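# Structural characterization, general
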Amino acid sequence: MFCNTSKEIGGLGHGLKRKEDARFIQGKGHYVDDIKLPGMLYMDIVRSPYAYAKILNIDASKALEIPGVLAVITGRDLEKYNLHWMPTLMSDTQMVLPTDTVMYYAQEVCAVIATERYIAADGVAAVEVEYEPMKPIVDAHKALDPGMPILRPDKGKTDNHIWHWEAGDREATDKLFANAEVVVKEQVYIPRIHVASIETCGCVAGF
């Protein structure tokens, strides 16, 4: 492959020597868990065992009795500051914590804040959430049927048809199909996918 950049600059056609390996194979890697800030707190998440359910009650009293558990934050707490829905990088909005309904399995329900990582985990185990399970929608096509529950009520919509993209000349395209000798139709189903990176996600925030 032709490349007009120098080897020092790199670019297409040039192999780049890895720079991060040495510190990792010598035990000198720096990870999120290595960061210790003064007065640092830890967060763990209570997650929903249901794919679709009403949240009837969240009882954090037992969790708050555990020494080191400082707070249990729910969607109702965030709602007071209009932080229960937040913008995403894709010009959409995403539920931070639900106020009344969980929409998918393992969705975040509330956050436990504690002085130690494993105390936060103990707090998660102690939070008691009462749910009213509902029948989930597991087929994207059936989600468009009349009478199906609306999964994004924040959009002010009356159905689950969220996005619509259209490009090109509709009239010319329709004319081509109308005059075609044979027209073949196929419904293509693409399942949801997600990467499963070996690296886990984590962050540390300092104020």
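Here the structure is shown first, and the text comes after it.
A brief report on the enclosed structure follows.

## Structural notes on the nonpolar core
Judged by nonpolar contacts, the single largest core of 17 residues is most densely connected at V46, V72, V102, V109, V112, V127 and Y131. Among the elements of the structure, β2 (53-59), β3 (69-74), β7 (108-114) and α4 (117-126) are those that each provide at least two residues to this core.

## What about the state of the cysteines?
Within this structure, the stated rule accounts for 0 disulfides. With no disulfide of its own, C110 lies closest to C203 among cysteine sulfurs, the gap being 18 Å. Sulfur of C201: no disulfide; nearest cysteine sulfur belongs to C203 and is 9.4 Å away.

## Focus on the sheet that holds strand β6 (residues 101-102)
Taken in spatial order, the 3 strands line up as β6-β2-β8 in an open sheet, and their pairing is antiparallel. Unpaired on one side and paired on the other, β6 and β8 (128-133) mark the two borders of the sheet. Bridging between β2 and β8 involves 6 bridges; their strand directions are antiparallel. Across the sheet, residue I55 finds its bridge partner in β8, namely Y131.

## Quick look at the sheet that holds β7
Pairing is antiparallel across the open sheet formed by 3 strands, whose spatial order is β1-β7-β3. Either end of the sheet is taken by a strand with one partner, and the two such strands are β1 (42-47) and β3. Strand-to-strand, the axes of this sheet are offset by a mean angle of 25°, without reference to chain direction. Inspection of the sheet shows β3 paired to β7 by 5 bridges, in the antiparallel sense. Looking at β7, one finds that V72 is bridged to V112. The strands that α4 touches are β1, β3 and β7; relative to β1, the one it contacts most, it runs at about 25°.

## Focus on the packing of aromatic side chains
Tallied over the full model, the rule gives 3 aromatic pairs. With a centroid separation of 5.3 Å and 65° between ring planes, the pair formed by Y50 and Y131 is classed as edge-to-face. Of this pair, Y50 sits in the loop between β1 and β2 while Y131 sits in strand β8, and the two are 81 residues apart along the sequence. Here Y50 falls in the partly exposed class, since its relative accessible area comes to 34%. Taking the ring centre of F24 as reference, the NZ or CZ of R23 above it sits at 4.6 Å.

## Digging into the environment of L70
Counting through the fold element by element, L70 comes out in strand β3. When its relative accessible area of 49% is taken as the criterion, L70 is described as partly exposed. Each C-alpha atom, one on L70 and one on A22, is 40 Å from the other, the two residues being 48 residues apart in sequence. Discounting chain neighbours no more than four positions away, the residues touching L70 are L41, L64, I113, A114 and T115.

## Topic: the environment of D77
Mapped onto the elements of the fold, D77 is located in helix α3 (residues 75-79). One polar contact links the side chain of D77 to the main-chain amide nitrogen of T74, over a distance of 2.9 Å.

Conventions and cut-offs
- Residues numbered from 1 in each chain as written.
- Predicted model: local features only at pLDDT ≥ 70, side-chain atom pairs only at ≥ 80, totals over all residues.
- Heavy atoms only, no water.
- Core = buried A, V, L, I, M, F, W, Y, C linked by side-chain atoms within 4.5 Å.
- Buried < 20%, exposed > 50% of the residue type's maximum accessible area, 1.4 Å probe, protein only.
- Helix = DSSP H or I, 4+ residues; strand = E, 2+ residues; numbered from the N terminus.
- Disulfide = S-S within 2.5 Å.
- Pairing = 2+ DSSP bridges.
- Axes fitted to C-alpha atoms, helices over the stretch in contact; angles between N-to-C directions.
- Contact = heavy atoms within 4.5 Å.
- Phe/Tyr/Trp six-rings, centres within 6.5 Å; stacked < 30°, edge-to-face > 60°.
- Lys NZ or Arg CZ within 6 Å of the ring centre and 35° of its normal.
- Polar contact = N/O pair within 3.5 Å; in protein donor to acceptor, adjacent residues only side chain to side chain.

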